[in-house]
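Breakdown of the fold
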Amino acid sequence: MLDYLRSNRREVIAGVVLIALLASYLGTHPRGASTYVLTIWANQCLILGLAACAQFFAVVVRGIDLSVGAVMALTNCVASYVLDGSGIGMAFGMLAVVGAGALCGLLNGLIIVYGRIQPIVVTLATASVFVGAALLLRPTPGGAVNYDLADAITLDVLGIPTALIITGVAVLGFWLPFRRTGLGLGLYALGSSEQAAFQSGINTRLVRLAAFTLAGLFGGLAGLFYSFVTTTGDAGIASGFTLNSIAAVVLGGVLLRGGVGSLIGALAGAFILKTIASLMFFSGIPSLAQPLFEGMILATAIAIGGADMLRARNKLEVFS
Amino acid sequence: MADSPSPLLEMQDISMHFGATKALDGVDFTCNAGEVHAVLGENGAGKSTLMKLIAGVLQPTYGQLRVEGRDVFLGSPKAALDHGLVCMFQELSLVPDLTVRENLLLGAPGAGLGWLRGQGLDKARAVLTRIGGTDIRLGARVEDLTLPQRQQVEIAKAIMKKPRLLILDEATSALSASVVESVFDLVREERDSGTAVLFISHRFHEIEALADRVSVFRNGQRVATFMKGDHDYGAIINMMVGQKIEELFPEKQPGAHQSDIVLDVRNFSWEDQVKDVSLTVRRGQIVGLGGLDGQGQGTFLMGLVGLLRKTQGTTAIAGEPSEITSPKSAKHRDIGLAYIPEDRKTEGLILDQSIQENLELAALGRADLDAGDPTLYAGSLEQLALKHGGLELPVSSLSGGNQQKVVLAKWLALGPRCLLLADPTRGIDVKTKTQIYTILRQLADQGTAILLLSTDYEELIQLCDETHIFFEGRIAASLSGDDLTPQNIIAATLNVSAIPQAAHA
């Protein structure tokens, strides 16, 4: 048990911080710990959470995805056309939205793997392409998403916010089993030491391609969920989500050098970031000063995460 | 050589060109099942390229590989693994951020991108236990393991793949004698059950102990293949270098034990890894540090150059008590320590930078030296006979032995009073080893005090004037003169007072 805590200490720290923040948020909120407050909170968190998941898959293979927000914008605009109509039509519509995200990711991956270009450059370029496509679809915000479907996915089930149930499914139903597959392990191997992964007989191209496709897929999921929360399509949402998704994974203990971290950490980081923003909103701090405080909290949190370096008695350990 | 119609692996007329360089040139090579085949050659002779071709890391420019008589194309390590060709690389193939268990699973037979079952883990655990890795937990992160432990995991990982051909490329270079012996037992067992083994080592006594057949490579060509015992060491060395080397080790100078003390360490301790170590190194002396792996000798060297926090004990340089708190203070002119670390690729060099830039690194922090001045290095580069295609090329373009020379040259530029070396000849070919021995002895004769950590007891005996053997953080024995025998060293590494004379030839 102690061993387990030690090897997952990043996630444990993020979890403890999240619980503390949530408690103080619910404490200061005028309406307290009601389903209503929790649902709105969870919806906001999950949008960024899914974006952070997308970013996680790029970062864990020692890459970065600057197109996460753009994929969200594009899929959000797609969603605003296809999520209103018959039940079957909407089911296919949801598939189309997520599929569009996965295709964006696949495109990123293909250029990165076969063009041998750094992910930061590729995704910077494709981000513009995706936003451009989104603008063609929705020059101005608009469109509609079926309200019944949106309510079903963004409200609660028996008092539990649906967003939290989705989070639980993502962790228990997807991540934990995925971590035990060759692909799940391969992602880490690739990010930690590509040479070792290759020599161990791993198809590094395929794994990298899969990583960026998964990033696109989660970007699509984030765009889809965002559509359910806002019920419109808006091509202008990209930039904020991209940068926040990077901040979230870092906060959740995912190392930008690759190979370390987990989807749970990425989710926790996103939830922490959003909870801090919500806390600010009710804390009476002038809204213009909020980015300043958010930034300071982010910097402090990351510094605390690196504090165990102070205990190193062998100076070389600091560099590893 | 055609002792069976279709040997397990047959390489026909293999050439491997990198640009204008011919790493291998028209090589025929066969490997038979149930045989340990040692491959010898100095660095750059083409051994590593040969191994990489078999492991599927590289593909030959010309030529054909056959497995059991059938033509195969090995486009990737995966393809080679599918044919049962398993390589344990000298550059370790473990993923540092994953646990031992996950690393073992990564390369396990039948492991694709889908669900991983734990098959084979029991076998790997059993192998680890057999080769002295009882204390390696499967849940431990590889990054937290020591170098020898990582090699043990590599061996377990290779055996777990049920190889038909097992390549051991300097597989035991960081392991201590007793562990090596258990690894050899394991390899012999694999051989007896029909596995072909390709064995690369620079230690003759290991080849003596393990090989059935020996092939010698030189300049990208196979020079000779013969059964073990057909030629003696001298003849084999001559085949490898193409010229006669009279003696591997330079002669010791008598009288060094009376000169001035340069390094005087008293009661040095750190955590529970180094306990109350006292020793002196005099001008002109080469003092050896030996022992099993991880007995504190490596940590002791790190502590001397200020890499450890909160060490206890005193260090005096030429009689002056000195507080060495960091490598920067250690290399200061008043102290003049230079430390050649164990892992040249990660700690000794910046591989992507040029040779020249790497050379300048040590002198950079010294106010009294101009690091950009090429004359600072010219002398030692010449003395070391560094083979390079231009100082502006990246260090990674050099062979292992030449890389080590760059590490040496960068420190020699500072004119150190005391040189600390951690296993400087690990994984280096015989010719370069001999050069390094000669240079160390020359440096000693010129007045440098040398403290040499080594895992090769021949070095401790032949090169060192005095040798301290560590056991569990303490100096278990200090040997010099006629006491400096293999028997005494082995006895001290195992911390027993004496062993029968017949134990080791």
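Residues numbered from 1 in each chain as written. Chains lettered and ligands numbered in written order. Predicted model: local features only at pLDDT ≥ 70, side-chain atom pairs only at ≥ 80, totals over all residues.

To continue, consider the packing of helix α9 (residues 182-192) of chain A against helix α11 (residues 204-230) of chain A. Residues and elements named next belong to chain A. Between α9 and α11, whose axes approach to 10 Å, the crossing angle comes to 100 degrees. By the angle between their directions, the pair α9 and α11 is classed as roughly perpendicular. Taken together, the residues of α11 that come into contact with α9 (itself represented by Leu183, Gly186, Leu187 and Leu190) are Thr204, Val207, Arg208, Ala210 and Ala211. Its residues assigned to classes, the contact of α9 with α11 comprises six nonpolar, two polar and one charged. (Axes fitted to C-alpha atoms, helices over the stretch in contact; angles between N-to-C directions. Helix = DSSP H or I, 4+ residues; strand = E, 2+ residues; numbered from the N terminus. Parallel < 35°, antiparallel > 145°, perpendicular 65-115°, else oblique. Contact = placed C-beta atoms within 7 Å. Nonpolar A, V, L, I, M, F, W, Y, C, P; charged D, E, K, R; others polar.)

All right, on to the interface of chain B and chain A then. Facing 30 residues of chain B, the contacting portion of chain A comprises 27 residues. For the side of chain B that touches chain A, the secondary-structure elements that each account for two or more residues are α2 (77-82) and α3 (100-106) of chain B. Residue classes in the side of chain B that touches chain A are distributed as 17 nonpolar, five polar and eight charged.

What follows concerns the domain arrangement of chain B. Residues and elements named next belong to chain B. According to the domain assignment, chain B consists of domain 1 (9-241), domain 2 (247-336 + 416-505) and domain 3 (344-415). For domain 2 and domain 3, the distance between their C-alpha centres works out to 24 Å. When residues in the side of domain 2 that touches domain 3 are grouped by element, the largest group, three residues, is from helix α15 (residues 430-445). Broken down by class, the residue content of the side of domain 2 that touches domain 3 amounts to four nonpolar, three polar and four charged. (Domains from an automatic or database assignment.)

What follows is about the sheet that holds strand β20 (residues 474-480) of chain B. All names here are of chain B. Spatially, the six strands line up as an open sheet ordered β16-β17-β18-β13-β19-β20, and their pairing is mixed. The sheet is open, and its two edges are formed by β16 (337-340) and β20, each paired on a single side. Recorded for the sheet is a direction-independent mean angle of 20 degrees between the axes of neighbouring strands. Each of β13 (286-291), β17 (418-422) and β18 (449-453) touches α15; the most contacted strand, β18, lies at about 150 degrees to it. (Pairing = 2+ DSSP bridges.)

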